[in-house]
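For reference, the chains in residue letters:
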Amino acid sequence: VQLQASGGGLVQAGGSLRLSCAVSGRTFGRYGMGWFRQAPGKEREFVATISWSGGSTYYADSVKGRFTISRDNAENTVYLQMNSLKPEDTAVYYCAAENTGYGDSRTSSYGYWGQGTLVTVSS
């Protein structure tokens, strides 16, 4: 399984970005998917997760109400729509896949990771 994240860039505070994560392989629909981020000098942290069907989602408190995770199983892609961006959202964002299909907020649950895409929010 290979994951390719894209869509990062530079945006002003209050702006929006949509991240995409394309996943190779025929079993995408079985994976729970997650987005994580890592700011300079900090540990990787959970952002959002979605179950295999898209029917269940869960967010970190810091992004709840601003970010939306979704997936298109026909396109083998998971998305992260980020609105009302803040400078503290600046980080490298990673997508990840886990085998139970339920999604999870724990980094250790994910066996497959993308390479990351940089999001920079200017004040």
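Anything mentioned here points back to the structure above.
Note that the coordinates shown come from a computational prediction; the quantities given were computed from them, not determined experimentally.

Bringing the state of the cysteines into the picture now. Under the criterion given, the structure shown has one disulfide. Sulfur-sulfur distance for the disulfide between C21 and C95 comes to 2.0 Å. Taking the sign of the S-S torsion, 65 degrees for the link of C21 and C95, the bridge is right-handed. Here C21, found in strand 3 (residues 17-23), pairs with C95, found in strand 9 (residues 91-98); they are 74 residues apart in sequence, far enough to count as distant.

A few words now on the side chain of T117. Tracing the sequence through the fold places T117 in strand 11 (residues 117-122). Within the structure, T117 has its side chain in polar contact with the backbone nitrogen of G8 (distance 3.0 Å). Leave out the neighbours within four places in its chain, and T117 touches A5, S6, G7, G8, L19, A91, V92 and Y93.

What follows is about the pairing of strand 4 (residues 32-38). A large share of strand 4 lies buried, amounting to six of its seven residues. Pairing between strand 4 and strand 9: seven bridges, direction antiparallel. When the sheet's bridge partners are listed, F36 is paired in strand 9 with Y94. Inspection of the sheet shows strand 4 paired to strand 5 (residues 45-50) by five bridges, in the antiparallel sense. Note on strand 5: the bridge partner recorded for G34 is T49. The antiparallel pairing of strand 4 with strand 5 creates a hairpin that spans six residues between the two strands, and G41 there sits at a positive phi of about 75 degrees.

Rules used throughout
The numbering scheme is per chain: residues are counted from 1 as the chain's sequence reads. For a predicted model such as this one, the threshold for reporting local features is a pLDDT of at least 70, and the threshold for listing and counting side-chain atom pairs is 80 or more; totals across whole chains, interfaces and linings nevertheless cover every residue. Neither water nor hydrogens contribute to the side-chain values; these are computed over all heavy atoms in the structure. By definition, disulfides here are pairs of cysteine sulfur atoms that lie within 2.5 Å. Numbering of helices and strands runs from the N terminus; a helix is a DSSP stretch of H or I covering at least four residues, while a strand is a stretch of E covering at least two. In the analysis that follows, any N or O atom pair within 3.5 Å is treated as a polar contact, provided that within protein one partner can donate a hydrogen and the other can accept it, and provided that, for residues neighboring in sequence, both atoms belong to side chains. Should any heavy atoms of two residues lie within 4.5 Å, those residues are considered in contact. Categorising residues by exposure relies on relative accessible area from a 1.4 Å probe, with only protein chains included: less than 20% of the type maximum marks a residue as buried, more than 50% marks it as exposed, and the intermediate range marks it as partly exposed. DSSP bridges decide pairing: two strands pair if at least two such bridges lie between them.

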